[in-house]
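# Summary of the model geometry
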Amino acid sequence: MKHQILLVDDQAELRTAVSENLKARGYDVMEAANGGGLKALFAGAQPDVVLLDLNLPHADEPPSTNTGFDLLSLIKRQWPETEVIVLSGFGTLDSAVEATKRGAFHFQTKPHNEGLYSLIERALERKEKAQENSRLIDALKKMGGDSSPIFQCAAMKAVMRTIERIAPSDVSVLVTGESGTGKEVVADMIHTLSKRDKGPFIKINCAALPRE
């Protein structure tokens with residue numbers, strides 16, 4: 001699935017140039033010329049990254065003195081998982097700090113260069129990491145009970161990454177380890193993160209089965 005980028009900028013020529021570059025890099029692109037156009041998109045699909053011009057025409061009546069910042073806050077409320085890169089032709093340290101406080105991933109001054117596309121890649125990586133962490137947290141919450149693992153060390157975090165990669169697949173998985181190291185917990189997590197998580201998780205003690 002292609003990543004979706006929303007470009008919000010009142011300069012039509014700039015939107016066209018950036019949009020063409022993004023599409024050439026394999027992204028799906030949506031555009032909005034002002035705050036009103038942005039708000040009209042809230043009912044649709046959530047983009048992965050928003051490129052937001054800080055100095056947009058006033059979208060509301062009475063006009064706000066901080067329209068770009070207000071829209072940034074609105075985007076993070078409507079689409080909390082979307083990363084926002086704020087764009088401005090008049091970059092200041094105060095503006096960058098304020099944008100960060102309101103949830104922006106980064107503050108980028110115009111005119112754009114290749115650095116913008118590197119920023120987009122980094123924003124997408126952070127969004128994917130956040131989604132991975134969210135899935136793992138949800139899995140732990142579903143499991144509950146005293147058996148829920150708290151993986152803090154680097155080795156167990158690596159185990160978690162492996163669980164996350166294999167759980168959605170249909171491969172057979174053999175979990176090995178000494179008694180008490182958490183094999184059943186790992187199996188439970190694989191089931192919770194799998195496509196069969198709505199079905200039963202049946203545990204069988206093979207050693208207790210009669211030969212017949």
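Model, not experiment: these values are computed from the prediction.

### Examining the overall build of the chain
From N to C terminus, the chain includes 7 helices and 5 strands. Going from the N terminus to the C terminus, the chain shows its helices and strands as β-α-β-α-β-α-β-α-β-α-α-α. In the chain, 64% of the contacts between residues at least 6 apart in sequence involve partners at least 24 apart. Total accessible area on the chain stands at roughly 12,900 Å², and carbon and sulfur atoms take up 53% of it.

### Quick look at a nonpolar patch on the surface
Judged by side-chain polarity, Ile202, Ile204 and Leu209 come together as a nonpolar surface patch covering roughly 330 Å² of accessible area. By the secondary structure assignment, Ile202 is in the segment after helix H7 (183-192). For Ile202, a relative accessible area of 62% translates into the label exposed.

### Considering the confidence of the model for the chain
For the chain, the average pLDDT comes to 82, and 84% of its residues sit at 70 or higher. Across residues 59-66, where pLDDT falls below 50, the model places 7 contacts with residues more than four positions away in sequence or in other chains.

### Concerning the sheet that holds strand E3 (residues 49-53)
Here we have 5 strands laid out as an open sheet, ordered E2-E1-E3-E4-E5, and parallel in their pairing. Edge positions in the sheet fall to strand E2 (28-32) and strand E5 (106-109), since each of these pairs with one other strand and no more. Geometrically, the sheet is characterised by an average inter-axis angle of 20 degrees between neighbouring strands, direction not taken into account. As paired elements, E3 and strand E4 (residues 83-88) share 5 bridges and run parallel to each other.

### Things to note about the packing of helix H6 (residues 154-166) against H7
Where H6 contacts H7, the two axes come as close as 9 Å, and the packing angle between them is 40 degrees. The orientation of H6 with respect to H7, classified from their angle, is oblique. The element H6 and its partner H7 pack so that their crossing is right-handed. Only Val186, Met189 and Ile190 of H7 make contact with H6, whose side of the interface consists of Met160, Ile163 and Ile166.

### Comments concerning helix H3 (residues 67-78)
Relative to the 16 Å expected for 12 residues at 1.5 Å per residue, H3 spans 16 Å between its end C-alpha atoms, a close match to the ideal helical length. Residues of H3 that are buried include every one of Thr67, Gly68, Phe69, Leu71, Leu72, Ser73, Leu74, Ile75 and Lys76, and no others. Each element contacted by the buried residues of H3 is listed here: helix H2 (35-40), E3, E4 and helix H4 (93-101).

### Quick word on the packing of aromatic side chains
Within the structure shown, the criterion is met by 1 aromatic pair. Here the aromatic rings of Phe42 and Trp79 are separated by 4.9 Å at their centres, their planes lie at 80 degrees, and the arrangement is edge-to-face. Linking Phe42 in the loop between H2 and E3 with Trp79 in the loop between H3 and E4, this pair joins segments that are 37 residues apart in sequence. Trp79 sits in the buried class, given a relative accessible area of 3%. One cation-aromatic arrangement involves Arg25 over Tyr117; the distance from NZ or CZ to the ring centre is 3.9 Å.

### Comments concerning the pattern of salt bridges
Under the definition given, this model contains 11 salt bridges. With its nearest N and O atoms 3.2 Å apart, the salt bridge here joins Asp48 to Lys127. Here Asp48 is found in the loop between H2 and E3, whereas its partner Lys127 is found in helix H5 (residues 114-143), with 79 residues between them in sequence. Here the two residues Asp48 and Lys127 agree in accessibility, since each one is buried. For Arg196, the salt bridge is made with Asp170, and the minimal N-O distance between the two is 3.4 Å. On the criterion of sequence distance, the pair formed by Arg196 in the segment after H7 and Asp170 in the loop between H6 and H7 is long-range, its members being 26 residues apart. Pair check on accessibility: Arg196 and Asp170 agree, each one exposed. A single salt-bridge network, built from bridges that share partners, covers Asp9, Asp53 and Lys110.

### Here we look at the side chain of Asp48
Among the residues examined, Asp48 registers a relative accessible area of 14% and is labelled buried. A distance of 3.2 Å separates the side chain of Asp48 from the side chain of Lys127, its partner in a polar contact. Those residues in contact with Asp48 that lie beyond four places of it in its chain are Lys2, His3, Gln4, Thr82, Glu83, Leu124 and Lys127.

Criteria and thresholds
Residues numbered from 1 in each chain as written. Predicted model: local features only at pLDDT ≥ 70, side-chain atom pairs only at ≥ 80, totals over all residues. Heavy atoms only, no water. Helix = DSSP H or I, 4+ residues; strand = E, 2+ residues; numbered from the N terminus. Contact = heavy atoms within 4.5 Å. Areas by Shrake-Rupley, 256 points an atom, 1.4 Å probe, with all protein chains shown as cover. Patch = residues over 30% accessible without salt bridge, like charges linked within 9 Å, V, L, I, M, F, W, Y side chains within 5 Å. Salt bridge = Lys/Arg side-chain N within 4 Å of Asp/Glu carboxyl O. Buried < 20%, exposed > 50% of the residue type's maximum accessible area, 1.4 Å probe, protein only. pLDDT = per-residue confidence, 0-100. Pairing = 2+ DSSP bridges. Axes fitted to C-alpha atoms, helices over the stretch in contact; angles between N-to-C directions. Parallel < 35°, antiparallel > 145°, perpendicular 65-115°, else oblique. Left-handed = near helix turned anticlockwise from the far one by under 90°. Expected span 1.5 Å × (residues − 1). Phe/Tyr/Trp six-rings, centres within 6.5 Å; stacked < 30°, edge-to-face > 60°. Lys NZ or Arg CZ within 6 Å of the ring centre and 35° of its normal. Polar contact = N/O pair within 3.5 Å; in protein donor to acceptor, adjacent residues only side chain to side chain.

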